[in-house]
Amino acid sequence: MELSNKDWYSVDIDNTLKAFDVTRDGLSDDEVNKRRQQFGTNELHQKKKRSTFSVIIGQFKDVMIIVLIVAAFLAIIFGGVEYAMDKNNPDNKFYIEFINGGVILLIVILNATIGAIQEVRASNALDALKKIGAPTSRVVRNGKTIVIPTSEIVLGDIVYIEDGSIIPADLRLIESSNLKIQEAALTGESVPVDKKATITYNKSLPMGDRKNICYSSSIVTYGNGVGIAIDIGMKTEVGKIATMLNEQKEEESPIKKKLNKVGKLLTIVGAVAAVIILIVGFATINYSTSSFHDYIEPIMLAITLAVAVIPEGLPAMATIVMALGVQRMAKKNAIVRKLPVVETLGSATVICSDKTGTLTLNKMTVTTILSCDDIFDERNVSIEEAVKNKDKYHDIVVCGILCNNAQLDDKDPSLTIGDPTEGALLNLGASFEISYKDLRLEHPRLFEQPFDSNRKRMSSMHKFKNETCLFTKGAAEELLQKCTHIQTNEGIREKTHSDVLAINKWIHKLSEKALRLLGYAKTKVEENAQVEDLEHDLVFIGLVGMIDPPRKEVINAVKTCHEAGIKTIMITGDHKITAKVIATELGIFVEGNTVISGDELTKMDDKTLSESIKTTTVFARVSPADKLRIVKALQANKEVVSMTGDGVNDAPALKSADIGVAMGITGTDVAKDASDMILLDDNFTTIEGAIFEGRRIYRNIQKVIQYLLAGNIAEILLVLVVFIAHAIAFACGKEMFHDALNPIQLLCINLLTETIPCIALGLDPAEKDIMQQKARVGNSLFGKGLIRRTVWHGAYLFAISLVAYCLGDFIFANNGWIIGGADSHLNGMTLAFLTIAISQVFHSFNQRSDKFSIFSKKNERNLLLPALSLVAIAITITLAMISMYTSANQILGMNQLAWQGWLITISLSLSIIPAVEFAKLLKIN
């Protein structure tokens, strides 16, 4: 039996039954077993998850991390060898290598632990997808109705559905009675869809327009029906979504890509520097008289330099900055599930937003109410105006309340129990200060003729004091044909041809504004009237127009995003006209933009779509696969895509997007689990705030990188230049070569004096014009002159540190500015260490802005920076004092300074501030 890939909505009921070889009495037990073996069970499958061990190993594949691990083990190994070969020497400093290696390993393990925890916590959307299915279902087998686990449904099963049922498989209806199904999670349609078994289509249709098909996981909100299971398990529309989720590859976040690029670049620089050290070091060793320590020293210096070039604190600082950003965003109704997404939001160039609930209120709201007089006078009356003249619209409001089966939730009146359209009519009554509960008690229903898709209307008979009235509401044009009279301020009169033309004109006019229109009519009836045919000789009393209105605050948010160079695209399951109207009102659609429907999208190849999407701001009537194609097309155009959604149908696109954003209120568990971020208030403006925070984080990470790399450049140049100079001198027979900074000093600078101000830079307030700056393009963190600034800042720090070293090595020892300074090498090292450490702390103030002076009022205040800078300076001086006045001198290698030495050290360190200020003034920074 070949049943796959068939458009069952285009096949009539009899031929569908025949194709599945089944009658209305259902399948036999033998046939069920055969089909289960042939087609499988009605379950969703998922790919094998990565083991925790695999996740942990994956954290160590980064080039920068590998270099650090190798350097750490080499340091420990050579420290052990040095100790073993010279353990009786009291001057043996093998422990320095152990400390060096141990600290590096600790950093690596810390970063790997954080990364592994984040990845393990990443949820699998398929787990939630499985939970949304119905646990049991009613089917017909062997001529009897039985209840079975949903997983046991097979192709061709006859399935019963009724009000409240979750559809257990994709069904082709063979019977239906006033059936309405909520498909919002699958199609994006904001109101329940009328379903009818007897319809057969002869053309290709998008999923949301197939009125004779019910989809797995959708919910019956009204009526009942019977259907044939045409697809089960992974073949259903939900199953296809599960397949797309399985096929999605985990993409690296932009921040990880950028940090990896930085890591590779720095690794190359470190490797070159290490090779230079080894070549020069081994070339100057006297092999006939040298000890093992002489061989170890250039190797350890090479390792130290390779490590020094890599900012060990950068990954940790980036993590801390993003984590603190997550906390700030949580206070603004945005919950971040995957940490790097915080920064990625700042890189966003396109926001693909679902319409319902995100750009709109997700609440059908009456926006227009028209009496017959308003229609003839061509007055478009708002609800605010109508409330001021309650008597004029009293009958319309009463009709909307009584001819209505919905209720409002007692705990939360904003929620509707029943059809959202009818809920909007109850809220209209509340605006007119009419309680729907009191009105229904006062005028109890005597009879109801329910809505059906043929009549397109509903009628309800109610008892009043002196009369019995029938109220009818429905599709305006069809209802008008059933009316013989109209009601005006002057009373009830016969309908004329000109009346019909005027009313139809307004019906078309309001329809063009994407309003959902209802016509209202009434008539007096006898209490014992024949209830089969009461909908005739009606009196037309007016029109009501409603829509899921756009959020007013979104208009400014879209405008802000546009100014920031971020394009907003609406993707919705609603009709083209409705989508365009809402998009225009929000400023998403403007002159020159295009709207593409699902049908048009299906006919496009990927190349055509990539070109068309450059001017498209609205996609309407799209399927889950369409949404995924849209995201892929944007990414092919080098866009960083943020995708919002709340339904099951959104999950593949959410997972594929650079930033998947799910709705917290209306969002399904599937959408939430596939997302990177959840909006607790379902509001587009929260995304705008998240982008602001993301840009702030990105800019602060840039500040941290610029700050750390400038210091690293200074350290590398200082160590290299001094080492080469001493090596040349040694080759000339003058003295043994020395280091400008030893490994412990480098670690102290990198992990203490550099890192502490970084925390304050990471928390720096955003620049005032940050949302007026254009969106970033590419994966480089070195934008807007960052490389130039980093190099010249680093060169200046190197210059003043070299001056300090030379002063200590050649001058201070002879004038008493360094106490006990017989060892000129330690004199130079002392001044170089203090100068490079303290100058970097002062330099952190320069990093707050590349344009504005540190004294400018254009910079927001950041009191944390001076506080932490003082802490960093205090730590540096404390370490220096400990080394100068205790036996720790053997570890840090420092001599005591007189006050003149401290004065020159502080003066050289402070000079970095006026140097950068002068560059900013000349606009060459």
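This is a predicted model, so every value here is computed, not measured.

Peer 1: What's the story with the overall build of the chain in this structure? I'm lost.
Peer 2: What the chain contains, in helices and strands, is 36 helices and 27 strands. By the burial criterion, 55% of the 925 residues in the chain qualify as buried. Long-range pairs, those at least 24 residues apart, make up 72% of the contacts in the chain between residues at least 6 apart in sequence. When the accessible surface of the chain is summed, it comes to about 39,400 Å², and 58% of that surface belongs to carbon and sulfur atoms.

Peer 1: I keep staring at the side chain of Asn846 and nothing clicks. Help me out?
Peer 2: By secondary structure assignment, the location of Asn846 is in helix H32 (residues 824-846). Those residues in contact with Asn846 that sit more than four places away from it in its chain are Ile854, Ile912, Ile913, Val916, Glu917 and Lys920.

Peer 1: Sorry, what's going on with the pattern of salt bridges here?
Peer 2: Side chains that differ in charge, positive against negative, can pair when their charged atoms come close. In total, this model carries 37 salt bridges according to the counting rule given. For Glu535, the salt bridge identified is with Arg457, shortest N-O distance 2.8 Å. With Glu535 in the loop between strand E18 (516-525) and strand E19 (538-547) and Arg457 in strand E14 (residues 457-463), this pair connects stretches of sequence that are 78 residues apart. When its relative accessible area of 4% is taken as the criterion, Glu535 is described as buried. Between Asp650 and Lys627 there is a salt bridge whose closest N-O contact spans 2.2 Å.

Peer 1: Where do I start with empty space enclosed by the protein in this structure?
Peer 2: The method is simple in principle: a probe with the dimensions of a water molecule rolls over the atoms, and the space it marks as empty is what remains. Applying the stated criterion across every chain yields a total of two cavities of 30 Å³ or more. Considered as a void within the structure, the largest cavity measures approximately 70 Å³ in volume. In this structure, the largest cavity is lined by ten residues; those nearest its centre are Thr187, Met207, Gly208, Arg621 and Val622. Grouping the amino acids of the lining of the largest cavity by side-chain chemistry returns five nonpolar, four polar and one charged.

Peer 1: Looking at this model, I keep getting lost on the environment of Asp499. Mind explaining?
Peer 2: With respect to the helices and strands, the residue Asp499 is situated in helix H20 (residues 497-511). The class of Asp499 is buried, set by a relative accessible area of 4%. For Asp499 and Ile486, which are 13 residues apart along the polypeptide, the C-alpha to C-alpha distance reads 8.5 Å. Aside from chain neighbours lying at most four places away, what touches Asp499 is Phe376, Ile486, Arg493 and Glu494.

The rules behind the values
Residues numbered from 1 in each chain as written. Predicted model: local features only at pLDDT ≥ 70, side-chain atom pairs only at ≥ 80, totals over all residues. Heavy atoms only, no water. Helix = DSSP H or I, 4+ residues; strand = E, 2+ residues; numbered from the N terminus. Buried < 20%, exposed > 50% of the residue type's maximum accessible area, 1.4 Å probe, protein only. Contact = heavy atoms within 4.5 Å. Areas by Shrake-Rupley, 256 points an atom, 1.4 Å probe, with all protein chains shown as cover. Salt bridge = Lys/Arg side-chain N within 4 Å of Asp/Glu carboxyl O. 1 Å grid on protein atoms, 1.4 Å probe; cavity = no way out; pocket = protein on both sides within 12 Å on 5 of 7 lines; lining within 4 Å. Points joined across faces, edges and corners; volume = space filled by probe spheres on them. Nonpolar A, V, L, I, M, F, W, Y, C, P; charged D, E, K, R; others polar.

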